[in-house]
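# Structural overview for review
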Amino acid sequence: QRMADLTASFAKRGQGTLADADRAQTELNLQKNVLIRSNEAIRLASTRLAEVLSLNDGMQLRPAETDLIPVELVPDSADVESLVAQALSNRPELHENAYEIAAACGRYEMERLSPFMPVVGAGLSYGGFGGGVANTVQNFNDRIDFDGWMFWELRNFGFGERAARDLAASQVHQLQFRRAFLANRVRREVNEAYVRLISARSQVAQAESSSKTAQSSYNRNLQRIRNGQGLPLEVLQTINA
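### Re helix H5 (residues 159-226)
End to end, H5 covers 96 Å across 68 residues, agreeing with the expected 100 Å (1.5 Å per residue, within 8%). At the exit of H5 stands Gly228, carrying a positive phi of roughly 75°.

### Some details on helix H3 (residues 80-90)
Among the residues of H3, those classed as buried are Val80, Leu83, Val84 and Ala87. Within H3, the buried residues cover an arc of 100° as seen down the axis, which keeps them to one side. Contacts from the buried residues of H3 go to helix H4 (92-113) and H5.

### Side note on the confidence of the model for the chain
Mean pLDDT over the chain works out to 87, with 100% of the residues at or above the 70 mark. Mean pLDDT per element in the chain: helix H6 (residues 232-240) is the minimum at 78, and H4 is the maximum at 94.

### Comments concerning unusual backbone geometry
Glycine aside, negative phi is the norm for most residues, and most peptide bonds take the trans geometry. For Ser54, which is not glycine, the phi torsion reads 55° and is therefore positive. By the element assignment, Ser54 lies in the loop between helix H2 (18-52) and H3. Although it is not a glycine, Asn156 sits at a positive phi angle of roughly 50°. With respect to the helices and strands, Asn156 occurs in the loop between strand S2 (139-151) and H5.

### Quick look at the nonpolar core
Met3, Ala4, Leu6, Phe10, Ala24, Leu28, Tyr218, Leu222, Ile225, Val235 and Leu236 together form the largest nonpolar core, which totals 11 residues. Broken down by secondary-structure element, the contributors of at least two residues to this core are helix H1 (2-13), H2, H5 and H6. Counting residues per element, this core draws most heavily on H1, at four residues. In contact with Met3, not counting residues within four places along its chain, are Ala24, Ile225, Pro232, Val235, Leu236 and Ile239.

Thresholds applied
- Residues numbered from 1 in each chain as written.
- Predicted model: local features only at pLDDT ≥ 70, side-chain atom pairs only at ≥ 80, totals over all residues.
- Heavy atoms only, no water.
- Helix = DSSP H or I, 4+ residues; strand = E, 2+ residues; numbered from the N terminus.
- Expected span 1.5 Å × (residues − 1).
- Buried < 20%, exposed > 50% of the residue type's maximum accessible area, 1.4 Å probe, protein only.
- Arc of directions from axis to C-beta.
- Contact = heavy atoms within 4.5 Å.
- pLDDT = per-residue confidence, 0-100.
- Core = buried A, V, L, I, M, F, W, Y, C linked by side-chain atoms within 4.5 Å.

Pasting the structure below:
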């Protein structure tokens, strides 16, 4: 905004060209669009965070700090192997897979012992019972019957038992292979995240240095323009930098 006002003022006094003023105004409009998109991104991020925190609809969250300071969750000296071990012991999908394997092993054990495990049942019946001599039914009394039974089942002459055991064993093996796949994926994600972390910290350091030199260049070029020694394009370049 300061740059656009300065070039417009120079153009009106004949000390600068109208093309420079138009260029500065165009760049100002572009930067305003950037600001509008940034505010949109802030509101969208606030909405997503409100969903995670189960807050009221329409609540806008704003950071308490005015300065953007990196938060160090993992130090540079961290051992990647320890990070991988921590991830393997805490990732929820691995815990889920462990419970699935335990359940599948239980089903296999049940199928393995099923031919030797009987089916047990019991019953109780109550009602009136009539009886008498010849074809006469005159005496009625209450009657209670208790029934119990037990039987063994051998499916398909034993071939069905084997098929059921093989199916249960196959399910166990599939879940075990999936655990290996999940563990390898976790290792890859941790290693990739660590590489990105180290690279990002190096980029932050370079960006801080570049920001300081660009700010210094901006101040010098702006002063040169005010003294009638520089061009507006030089300031625009430092602004973009």
